[in-house]
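# Fold and contact review
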Amino acid sequence: MKIERDGQTVFPVIVSNSSSLKSVNFFLLKEREMLYLIDAGMNDEACWNTLLHTLEVNNLSLSDLTGIILTHHHIDHVGLVDRIVSRHPIPVFVHKEAVPRLKREPAFLEKRADFFEKLYKEMGCGEAGEQQARFVREAIEKNKDNALQASLTPIEDDFLTSLSLRIIETPGHAPDQMALYDEKRGWLFGGDLLISHISSNALVEPDSSGNRMMTLVQHRNSMKKCLDLKMNIVFPGHGTLIENGESLIQNRLSRIDKKAGKFVSFIENGSATAAEIALRYYKNVYYDQFSLVMSEVIGHLDYLENRGHVAKIKVDGVWQYTIQP
Ligand SMILES: [Zn+2]
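What comes next is a walk through the structure. One numbering rule holds for all chains: residues counted from 1, following each sequence as written. Per-residue local features of the predicted model are confined to residues with pLDDT of at least 70, and side-chain atom pairs are confined, for both listing and counting, to 80 or more; whole-chain, interface and lining totals are unaffected and use all residues. Processing note: side-chain calculations cover all non-hydrogen atoms of the structure and skip hydrogens and water entirely.

### A closer look at the pairing of strand β13 (residues 318-323)
Our working definition: Pairing between strands is defined by DSSP: at least two bridges between the two strands are required. By definition, any uninterrupted DSSP run of H or I lasting at least four residues is a helix, any uninterrupted run of E lasting at least two residues is a strand, and each is numbered from the N terminus.
In this sheet, β13 lies alongside strand β12 (residues 310-315) in antiparallel orientation, the contact comprising six bridges. Among the inter-strand pairings, valine 310 is bridged to a residue of β13, identified as isoleucine 323. What sits between the antiparallel neighbours β12 and β13 is a turn of two residues, in which aspartate 316 has the positive phi angle 50 degrees.

Take a look at the structure:
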């Protein structure tokens, strides 16, 4: 498959799998003599072989690549970077917030582990929270070899003008997430901002100084920002290409309001902490997918707090949420 318009061509690299994400997608983008790879899949044979195959059937090769641009630092978007760059040294462009994460800087990761330990305690998560915080801390040592070796270039504001792409910061799903937008063609390379068949998670994360960000509020703002764009095609990190970007965003925004409304009714009916709300809404999924569930609940509580619908006070070290009149 290729998509061509006004002298620019996208060759999607789509690697299907059996997960709920359905596929891992990344994209070759060719304009004049330049060939950029937007995202770099998983570090596995399926992604590697599909990339090589996509290049080959389009009479291209790895050595034609000009550079790699990463929409965000998640493992299923950066996997092939080192394999490519070790064979064909090219710049790898990232958001500056991606650097400590991709390089797995120990000082940052320790700060991040402290952050989760404190957060889960304050959200009333008890043993489940302590277990997850231990897991995050142990992963620092366990995954230390996963640090990217390639040198990373934090992206400059308008560096992509030669490529007729502009960067739109879209934090929320990840603090470093950025979309690449081609105004002329109405093309948006969105990373995981929008996925056609599932709503993407606004994962709770600290910023590079260790402070908590309101990630769901960010995610909402990022989606709203894209509503102002003409979007003919959204090229997502997973699932099928999106031609109804605007209505999909409207749908995602209204689902956030609906879920937030549900949490308000829980608070009215006596659930006071984030963990209590999580258990009541998600039941056993609270234990099975703890960090995702807590991101959802904390995110929606932030959103409600931000709008003045709820307030929180700390009692014995745990945040208690109440309805604001
Ligand atoms: Zn992601």
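More follows now that the structure is in view.
### Some details on the environment of alanine 139
Using the following cut-off: We call two residues contacting when some pair of their heavy atoms lies within 4.5 Å.
Assignment of secondary structure puts alanine 139 in helix α6 (residues 126-142). Sequence separation between alanine 139 and alanine 113 is 26 residues, and the spatial gap between their C-alpha atoms is 9.4 Å. Discounting residues that sit within four places of it in the chain, alanine 139 has contacts with Arg104 and Lys144.

### Details of the sheet that holds strand β3 (residues 23-31)
Definition in use: Between the N-to-C directions of two axes lies an angle of 0 to 180 degrees, each axis being a line fitted to C-alpha atoms and, for a helix, fitted only over the stretch in contact.
The strand order across the open sheet built from seven strands is β1-β2-β3-β4-β5-β6-β7, with neighbouring strands paired in mixed fashion. The two strands at the open ends of the sheet, each matched to only one other strand, are β1 (3-5) and β7 (152-154). Averaged over neighbouring strand pairs, the angle between their axes works out to 25 degrees when direction is ignored. Where strand β6 (residues 92-94) and β7 come together, three bridges link them in parallel fashion. The residue of β7 that forms the bridge with valine 92 is leucine 152. Contacts between helix α1 (residues 45-57) and the sheet are confined to β2 (8-16), β3 and β4 (34-38), with β2 contributing the most and set at about 150 degrees to the helix.

### Quick word on the coordination of the zinc ion
This is how the line gets drawn: Note that water is not among the atoms considered, so a metal site may appear incomplete; the donors listed are N, O and S atoms within 2.8 Å of the metal, with 3.2 Å applied to Na, K and Ca. Working rule for geometry: tetrahedral if four donors all subtend angles between 85 and 135 degrees; square planar for four, octahedral for six, if opposite donors exceed 155 degrees and the others stay between 65 and 115; irregular in every other situation. Note on classification: 1.4 Å probe, protein chains only; a residue is buried when its accessible area is under 20% of the maximum for its type, exposed when over 50%, partly exposed between these limits.
Binding of the zinc ion to the protein goes through His72 (NE2), His74 (ND1), His173 (NE2) and Asp192 (OD), at separations of 2.1 to 2.4 Å. Geometry at the zinc ion is irregular, judged from the four donor atoms that bind it and their angles of 87 to 172 degrees at the metal. One chain supplies every donor for the zinc ion, spaced along it as H-x1-H-x98-H-x18-D. In this pair, histidine 72 is assigned in the loop between β5 (67-69) and α2 (75-78) and histidine 173 in the loop between β8 (166-169) and β9 (178-182), connecting sequence segments 101 residues apart. Judged on exposure class, the residue histidine 72 and its partner histidine 173 are both buried.

### Examining the pattern of salt bridges
Operational definition: One speaks of a salt bridge when a side-chain nitrogen belonging to Lys or Arg is within 4 Å of a carboxyl oxygen belonging to Asp or Glu.
Under the counting rule described, the total for this entry stands at 17 salt bridges. A salt bridge links arginine 137 to glutamate 110; its shortest N-O distance comes to 2.9 Å. Taken as a pair, arginine 137 in helix α6 and glutamate 110 in helix α5 (residues 106-122) lie far apart in primary sequence, 27 residues in all. On the basis of relative accessible area, glutamate 110 is assigned to the partly exposed category, the value being 37%.

### Comments concerning the nonpolar core
Put simply, the test is: We call a set of buried residues a nonpolar core when its members are Ala, Val, Leu, Ile, Met, Phe, Trp, Tyr or Cys and they connect through side-chain atoms within 4.5 Å of each other. Here the limits of each domain have been adopted from an automatic or database domain assignment.
Counting residues in each nonpolar core, the largest one holds 54 residues, and the members touching the most others are Met123, Tyr286, Met294 and Val297. Going through the elements one at a time, α5, α6, β9, α7 (215-227), α8 (245-268), α9 (274-282), α11 (290-306) and β13 are the ones with two or more residues in this core. In terms of residues, this core owes the most to one element, α8, which gives nine residues. A domain split of this core shows at least three residues from each of domain 1 (3-103 + 148-243) and domain 2 (259-323). Methionine 294 has contacts with Tyr120, Met123, Cys125, Ala274, Ala275, Ala278, Tyr286 and Gly299, leaving out every residue within four places of it along the chain.

### Notes on the sheet that holds β8
Pairing between the strands of a sheet comes from backbone hydrogen bonds, and it takes one of two forms, parallel or antiparallel. Strands sit in the order β8-β9-β10-β11 across an open sheet of four strands; the sheet is mixed. One side of each edge strand has no neighbouring strand; the edge strands of this open sheet are β8 and β11 (233-236). Within the sheet, the average angular offset between the axes of one strand and its neighbour, ignoring direction, is 25 degrees. Pairing of β8 with β9, which is carried by four bridges, proceeds in the antiparallel orientation.

### Focus on a positive patch on the surface
What counts, and what does not: Patch definition: residues with relative accessible area over 30% and no salt bridge; like charges joined within 9 Å; nonpolar side chains (Val, Leu, Ile, Met, Phe, Trp, Tyr) joined within 5 Å. Calculation of accessible area relied on Shrake-Rupley with a 1.4 Å probe; when residues are assessed, cover is drawn exclusively from the protein chains displayed. The charge count treats Lys and Arg as positive and Asp and Glu as negative. His and the chain ends do not count. In this description, the location of a charge corresponds to atom NZ of lysine, CZ of arginine, CG of aspartate or CD of glutamate.
The grouping of Arg255, Lys258, Lys262, Arg280 and Lys283 at the surface amounts to a positive patch. Sort the elements by how many residues they give to the positive patch and α8 lands first, with three residues. Along the chain, the position of lysine 258 falls in helix α8. Given a relative accessible area of 68%, lysine 258 falls into the exposed group.

### Topic: unusual backbone geometry
The backbone of aspartate 6 shows a phi angle near 45 degrees, a positive value even though the residue is not glycine. Tracing the backbone through its elements, the reader meets aspartate 6 in the loop between β1 and β2. In this structure, asparagine 59 takes a positive phi of about 55 degrees despite not being glycine. Tracing the backbone through its elements, the reader meets asparagine 59 in the loop between α1 and β5. A relative accessible area of 73% places asparagine 59 in the exposed class.

### Some details on the packing of aromatic side chains
Rules: Pairing of aromatic rings covers Phe, Tyr and Trp, the last through its six-membered ring, and needs centres within 6.5 Å; plane angles under 30 degrees mean stacked, over 60 mean edge-to-face, and all others mean tilted.
A complete count under the given rule lists 13 aromatic pairs for this structure. Ring geometry for phenylalanine 263 and tyrosine 281: centres 5.3 Å apart, planes at 90 degrees, overall edge-to-face. With phenylalanine 263 in helix α8 and tyrosine 281 in helix α9, the pair connects residues that are 18 residues apart, well separated along the chain. A relative accessible area of 0% means that phenylalanine 263 is categorised as buried. An angle of 70 degrees between the planes, with centres 5.3 Å apart, marks the rings of tyrosine 286 and phenylalanine 290 as edge-to-face. On the basis of relative accessibility, which here comes to 3%, the residue tyrosine 286 falls in the buried class.

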